Amino acid sequence: MGFSDADLAAIWLTLRLASTTTALLLLIGTPIAWWLARTRSMWKGPVGAVVALPLVLPPTVLGFYLLLILGPDGPVGRLTHLLGLGALPFTFWGLVVGSVFYSMPFVVQPIQNAIEALGERPLEVAATLRASPLDCFFTVVLPLARPGFITAAILGFSHTVGEFGVVLMLGGNIPGVTRVVSVQIYDHVEALEYAQAHWLAGSMVIFSFLVLLTLYTRRPNLNKAG
Amino acid sequence: MENIEALFRVEWPGFSLNVDLTLPGRGVTALFGHSGSGKTTLLRCIAGLERPTQGKLSFKGEIWQNEHTWLPTHKRPLGYVFQEASLFPHLSVLGNLRYGIKRASTEHKVSLELAVDLLGIAHLLDRKPDRLSGGERQRVGIARALAVSPEILLMDEPLAALDLKRKQEILPYLERLHDELEIPVLYVSHSPDEVARLADHLVVMDEGRVVAHGPLSETLARLDLPIRLGEDAGVVLDAVVAEIDDRWHLARVEFAGGSLWTRDHGIPVGKHTRVRVLARDVSLASGEPGLSSIQNMLSGHVDAVADDDHPGLLLVRVRIGNSSILSRLTKRSAATLGIEVGREMRVQIKSVALME
């Protein structure tokens, strides 16, 4: 016995969702992390708190509000309708939006910490060597804060893989569209297919362990570069 | 239009800077003062690393900052040396040098080879910064700032983070820069010794204000400086090596006002040099000279007298030809000798330090 076709579809969907989410989060999260690391604005606290909300909120709460906002009567839902995109809930891209919010702190915080650890000095040095701020970001900040970015990508990816509540609220359980591994396990258990559940659940344990092992054995490097 | 005009007002909690200054467009200008006097902030304002509350800055006629203009640091044609070398740890020495060169404008006045040569770092190019000693790192930092072919070099206490031995290692390179570079250098320091060796022009700062500025010798000979130099009070004289006495290993240097014997440091006859005469090494006498171990005896007129920082001490300025020398003596010996402005005195100089 091994993975059924449905299991494989769920695994494939999960990987696609986690990769898409991670890529988007690195794009969106980096400027947010940059701003949070360097601003002296009074908004730093509130914005930081909002970014960190998914750490403490039950995923069902996040899923519930996203469902309302993205739904046909929600403000974003109306906009997506006008743009001809239809409603996002119960679609792959709906899950992507949900996952981006859900995993945001896991990407923003490591990057923010890495940039804060760099301090002002390397940026000042780059400026005195004629590097524009953007140039400096790619040639100084990115290489020096790379361990932070790698940690962010690993955490963002694996946290999205482990998502359940938001998916169920926002995506339901549509095979090949929104039925990710965690939901598939839930289905197996509901149907008393324990052997099938074991295969997927066991794989998740191994996957998660390997991810954390990578992170924790990388630690010394991370400190050195910081 | 060859000057640097700087007007800055900075108001931060617990600190203010209020400066309106014209700096010469050539030579080494030392920004000198105690820590907290605002000298580093002034330098950072000039570099565009701080944005003052109010500021005007023009460099040789080119506006870098005024009410309407703000030239960001990366567009100012300057080189900056930080107190800690602050090399990029992810790049080799060569990578650090090239970082600026790649981005600098195409007219190269200072080439990579020249910067490497001036600072003596050719053997270090392949190393990573964490494989360098503190002194080597700072030499690379200086070479990196020079390699962008700056029109002005700003140095923020480049020796302050180093121990005495490392300082001695770098000072000769800085003296070479002083001799060979044609661009102006602004050098922040709280060390009278570095200032005496390197500066042509001195700006003395205290509590965010400029309290004195002018050519080095004149400014050092002022008795009204609000910051006291204590043991470091003294003058710097420009001099030329006139004669070497091989038998006694001495050299005679001539300055505008006379000549002095000093230890021979191998500087050839005819070469320009500077000598530093500390006030504590100068004594005054009247009447006929007797036998003395002091070799340097000159004659001059008392020009000014002022209190020193200790209530028992005086600083006396004596005019010798076209130069001034400071002497520190106790008030009691001044009274015994009858020292007063205009009086002719014999000046005995116990030791003279040759600076270059």
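Residues numbered from 1 in each chain as written. Chains lettered and ligands numbered in written order. Predicted model: local features only at pLDDT ≥ 70, side-chain atom pairs only at ≥ 80, totals over all residues. Heavy atoms only, no water.

1. Re the packing of aromatic side chains
Right, so step 1: Overall, the coordinates contain 12 aromatic pairs over all chains when judged by the stated rule.
Right, so step 2: Taking 5.6 Å as the distance between ring centres and 70° as the angle between the ring planes, the aromatic pair formed by Phe3 of chain A and Trp199 of chain A counts as edge-to-face. Residue Phe3 of chain A is found in the segment before helix H1 (5-38), and its partner Trp199 of chain A is found in helix H11 (residues 194-225); the two are separated by 196 residues along the sequence.
Right, so step 3: Through a chain of ring-to-ring contacts, the aromatic side chains of Trp34, Phe137, Phe138 and Phe149 of chain A assemble into a single cluster.
Right, so step 4: A cation over a ring is seen here: Arg16 of chain A above Phe92 of chain A, with NZ or CZ 4.3 Å from the ring centre.
Right, so step 5: Seen from the ring of Trp70 of chain B, Arg76 of chain B lies directly overhead, with NZ or CZ sitting 4.8 Å from the centre. (Phe/Tyr/Trp six-rings, centres within 6.5 Å; stacked < 30°, edge-to-face > 60°. Helix = DSSP H or I, 4+ residues; strand = E, 2+ residues; numbered from the N terminus. Lys NZ or Arg CZ within 6 Å of the ring centre and 35° of its normal.)

2. Side note on the side chain of Ser327 of chain B
Residue and element names in this part refer to chain B.
Right, so step 1: Along the chain, Ser327 turns up in strand E18 (residues 323-330).
Right, so step 2: Residue classification places Ser327 among the buried positions, given a relative accessible area of 0%.
Right, so step 3: A distance of 2.9 Å separates the side chain of Ser327 from the backbone oxygen of Val282, its partner in a polar contact.
Right, so step 4: In contact with Ser327, other than residues within four places in its own chain, are Ala279, Val282, Ser283, Leu284, Leu314, Leu315 and Val316. (Buried < 20%, exposed > 50% of the residue type's maximum accessible area, 1.4 Å probe, protein only. Polar contact = N/O pair within 3.5 Å; in protein donor to acceptor, adjacent residues only side chain to side chain. Contact = heavy atoms within 4.5 Å.)

3. Focus: the domain arrangement of chain B
Residues and elements named next belong to chain B.
Right, so step 1: Taken domain by domain, chain B consists of domain 1 (4-220) and domain 2 (234-355).
Right, so step 2: Relative to domain 2, the C-alpha centre of domain 1 lies at a distance of 33 Å.
Right, so step 3: Across the contact, 13 residues belong to domain 1 and eight residues belong to domain 2.
Right, so step 4: When domain 1 packs against domain 2, the two sides together hide about 770 Å² of surface, and 43% of this comes from carbon and sulfur. (Domains from an automatic or database assignment. Buried area = accessible area lost by both parts, 1.4 Å probe.)

4. A few points about the interface of chain A and chain B
Right, so step 1: Tallying the contact residues gives 18 residues for chain A and 21 residues for chain B.
Right, so step 2: By the criterion of area lost to chain B, the three top residues of chain A are Thr128, Leu129 and Arg130 of chain A, representing 42% of everything that side buries.
Right, so step 3: Across the salt bridge formed by Glu84 of chain B and Arg121 of chain A, the nearest N and O atoms sit 2.6 Å from each other.
Right, so step 4: One can count eight residue pairs in polar contact (both at pLDDT 80 or more) joining chain A with chain B. (Salt bridge = Lys/Arg side-chain N within 4 Å of Asp/Glu carboxyl O.)

5. A few points about the environment of His190 of chain B
Residues and elements named next belong to chain B.
Right, so step 1: On the secondary structure map, His190 appears in the loop between strand E8 (185-189) and helix H6 (192-198).
Right, so step 2: Sequence separation of His190 and Val316 is 126 residues, and the distance between their C-alpha atoms is 24 Å.
Right, so step 3: Apart from the residues lying within four places of it in its own chain, the contact partners of His190 are Phe32, Gly33, Lys39, Glu157 and Ala160.
Right, so step 4: A distance of 2.7 Å separates the side chain of His190 from the side chain of Glu157, its partner in a polar contact.

6. Comments concerning the sheet that holds strand E13 (residues 258-263) of chain B
Right, so step 1: Strand order across the open sheet formed by five strands is E13-E12-E11-E14-E20 (chain B), with antiparallel pairing between neighbours. Pairing within the sheet leaves two strands with one partner each, and these edge strands are E13 and strand E20 (353-354) of chain B. (Pairing = 2+ DSSP bridges.)

7. Here we look at the packing of helix H5 (residues 92-118) of chain A against helix H8 (residues 146-161) of chain A
All names here are of chain A.
Right, so step 1: Two elements in contact, H5 and H8, have axes whose closest approach is 8 Å; the angle formed by their N-to-C orientations is 160°. Regarding the angle of H5 to H8, the classification is roughly antiparallel. In terms of crossing hand, the pair formed by H5 and H8 is right-handed. Every residue of H8 that contacts H5 at Ser99, Tyr102, Ser103, Phe106, Val107, Pro110, Ile111 and Ala114 is listed here: Gly148, Phe149, Thr151, Ala152, Leu155, Gly156, His159 and Thr160.
Right, so step 2: Classifying every residue of the contact of H5 with H8 by side-chain character gives nine nonpolar, seven polar and no charged. (Axes fitted to C-alpha atoms, helices over the stretch in contact; angles between N-to-C directions. Parallel < 35°, antiparallel > 145°, perpendicular 65-115°, else oblique. Left-handed = near helix turned anticlockwise from the far one by under 90°. Nonpolar A, V, L, I, M, F, W, Y, C, P; charged D, E, K, R; others polar.)

8. Re the layout of surface pockets
Right, so step 1: By volume, the largest pocket is sized at about 640 Å³.
Right, so step 2: Along the wall of the largest pocket there are 21 residues; nearest its centre are Arg38, Glu120 and Glu124 of chain A together with Gly48 and Leu49 of chain B.
Right, so step 3: Listing elements by their share of the lining of the largest pocket, those giving two or more residues are H1, helix H6 (121-128) and helix H7 (133-144) of chain A.
Right, so step 4: Counting residues per element, the lining of the largest pocket draws most heavily on H6 of chain A, which supplies three residues.
Right, so step 5: Among the residues making up the lining of the largest pocket, the classes are represented as 10 nonpolar, four polar and seven charged. (1 Å grid on protein atoms, 1.4 Å probe; cavity = no way out; pocket = protein on both sides within 12 Å on 5 of 7 lines; lining within 4 Å. Points joined across faces, edges and corners; volume = space filled by probe spheres on them.)

9. Regarding the sheet that holds E18 of chain B
Residues and elements named next belong to chain B.
Right, so step 1: Spatial ordering of the open sheet is given by E15-E19-E16-E17-E18, a layout of five strands whose pairing is antiparallel. Each end of this open sheet is capped by a strand with a single partner; those strands are strand E15 (282-285) and E18. Here the strands of the sheet are splayed against their neighbours by 45° on average, with no regard to which way each runs.
Right, so step 2: Of the strand pairs in this sheet, strand E17 (residues 313-320) and E18 are connected by eight bridges, and their pairing is antiparallel. If you follow Val318 over to E18, its bridge partner there is Ile325.

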